[in-house]
Number of protein chains: 2
Amino acid sequence: MRKINPADKRQRVLRSARNLFVKNGFHNVSIPAIVRASGVSTGAIYSYFPTKEALARHIHEQAMGEFHRNFMLRLAGRTNSEEKLRAFAETVFETTESDPDLMEYLLFMRHGEFMQDTAPICFSEPFRRVQEIVKDGIANGEIAAADFFIAGIAYTGAILRAAELRLQCVLKTPLNEIADRLIAHAWASIRG
Amino acid sequence: MRKINPADKRQRVLRSARNLFVKNGFHNVSIPAIVRASGVSTGAIYSYFPTKEALARHIHEQAMGEFHRNFMLRLAGRTNSEEKLRAFAETVFETTESDPDLMEYLLFMRHGEFMQDTAPICFSEPFRRVQEIVKDGIANGEIAAADFFIAGIAYTGAILRAAELRLQCVLKTPLNEIADRLIAHAWASIRG
DNA sequence: GTCTATACTGCGATAGAC
DNA sequence: GTCTATCGCAGTATAGAC
């Protein structure tokens, strides 16, 4: 195997493993497969992570954190509900196009296969934040809905399904080209 | 193991295996586990299905067919776009409550892990049918959208996300109790 | 710290009794 | 047709050289 900067090796393992996990599923990815994909040896991998499960958990935290940070960056400065929800949609669409492996992980990875007691991904910080935005929007009349949770489902459902179909190559058009129309439909489902 | 009607054994294997597959993932379910869950021996299982993969494929066809038939039954007699799309939503909600294991399979199973060249589930007959309904609805002015595919995404996204969250026990309310509100949001996203 | 070689476990699938 | 016992293989993780 060619010489690799040692500082990069851990990252190479994380990157390769994430792509394999999301493509083949946790239990269908062997350590030898990660060795082949990353160019890092078994011994080195086990020097970074005690078990395959711990490696998967690390990947999970990293992926969740990255999406959350991107969302917070986009959210800054948005004043009304429509704009804040648009920030969520833009984060999803932008991530889908610029780092499809990350978005694929977030949407399709079955993390229950290696973490038993984890809350569903929709309890994570970004989704709780979206629920709050919808709640506030209903309170000040920007959004028309009897139940903020149900309204949140309608909006996020329309946005996330677009990302899913794009990642499965069913949607041929890049999401940024049709973002306006997708967001318009999602917003129409709950606007006042 | 207790005496079981031989005619039922095949069905017991199919049922137990489907639940295990959807809960743990194909590669994390061993034949011994299916033996334990179904009460049918290894030898009998291999007399019904040549391999574990063939068993999984059979389960897949059966699940897809069942949902499709239920959808077609509900669709009969509906005249306009709104009612036809409502039939789709009702089929999803009803299946989620009455046979959650089936709906969980349809929404979350990664069938690519045991079938390589299969089209995504959204190319399946029910989803093609929904796209046609939306297309016709746009043509006769019942639906306002520039693109039938994008509009279909908005509607089905809102509906399917509700089913997902219900199956993950995030939504505590049975879907039939909030079906009207969910359908109203989905329809609002595309109505003329 | 990092490598290769290997120990041990549990899998899918089969064989042979009934 | 159905059962139990077992084969061969691939997996995770480790050990010991460098």
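Residues numbered from 1 in each chain as written. Chains lettered and ligands numbered in written order. Predicted model: local features only at pLDDT ≥ 70, side-chain atom pairs only at ≥ 80, totals over all residues.

**A few points about the interface of chain A and chain B**
The interface of chain A with chain B comprises 32 residues on the first partner and 32 residues on the second. At the level of elements, α8 (148–167) and α9 (175–188) of chain A are the ones that each hand at least two residues to the side of chain A that touches chain B. Counting residues per element, the side of chain A that touches chain B draws most heavily on α8 of chain A, at 11 residues. For the side of chain A that touches chain B, the class distribution of residues is 18 nonpolar, 9 polar and 5 charged. (Contact = placed C-beta atoms within 7 Å. Helix = DSSP H or I, 4+ residues; strand = E, 2+ residues; numbered from the N terminus. Nonpolar A, V, L, I, M, F, W, Y, C, P; charged D, E, K, R; others polar.)

**What about the protein's contact with DNA strand C?**
Taken together, the neighbourhood of DNA strand C is formed by 16 residues, with Ser41, Gly43 and Ala44 of chain A together with Ser30 and Ile31 of chain B sitting nearest. Among the elements that line the surface near DNA strand C, the one with the most residues is helix α3 (residues 42–48) of chain A, at 4 residues. Here the residues of the surface near DNA strand C sort into 7 nonpolar, 8 polar and 1 charged. (Near = placed C-beta within 6 Å.)

**Some points on the protein's contact with DNA strand D**
Within the structure, DNA strand D sits among 17 residues, and Ser30 and Ile31 of chain A together with Ser41, Gly43 and Ala44 of chain B are positioned closest to it. Counting residues per element, the surface near DNA strand D draws most heavily on helix α3 (residues 42–48) of chain B, which supplies 4 residues. For the surface near DNA strand D, the residue count by class is 7 nonpolar, 8 polar and 2 charged.

**A look at α9 of chain A**
Helix length check: α9 of chain A, at 14 residues, gives a terminal C-alpha distance of 18 Å against a target of 20 Å (1.5 Å per residue), a fit within 8%. Where α9 of chain A is concerned, the buried positions are Leu175, Leu182, Ile183, His185, Ala186 and Ala188 of chain A. Packed against the buried residues of α9 of chain A are α5 (81–98) and α8 of chain A together with α8 (148–167) and α9 (175–188) of chain B. (Expected span 1.5 Å × (residues − 1). Buried ≥ 20, exposed ≤ 12 C-beta atoms within 10 Å, placed from the backbone.)

**A short note on the environment of Ala154 of chain B**
Residue position: Ala154 of chain B is located in helix α8. Judged by local crowding, Ala154 of chain B falls into the buried class, with 30 C-beta atoms found within 10 Å. Sequence separation of Ala154 of chain B and Ala186 of chain B is 32 residues, and the distance between their C-alpha atoms is 7.1 Å. Once residues lying within four places of it in the same chain are set aside, the contact partners of Ala154 of chain B are Ala158, His185 and Ala186 of chain A together with Ser189 and Ile190 of chain B.

**As for the environment of Arg69 of chain B**
If you trace the backbone, Arg69 of chain B turns up in helix α4 (residues 52–75). Between the C-alpha atom of Arg69 of chain B and that of Pro126 of chain B, which follows or precedes it by 57 residues, the distance is 9.2 Å.

**Observations regarding the relation of the copies chain A and chain B**
The transformation that overlays chain A on chain B combines an axial shift of 0.0 Å with a rotation of 180 degrees, and the residual RMSD is 0.0 Å. As the rotation angle and translation indicate, the two copies are arranged about a two-fold axis. Mapped onto chain B, 100% of the interface residues of chain A again fall at the interface, so both copies present the same surface. (Least-squares fit on C-alpha atoms with pLDDT ≥ 70 in both.)

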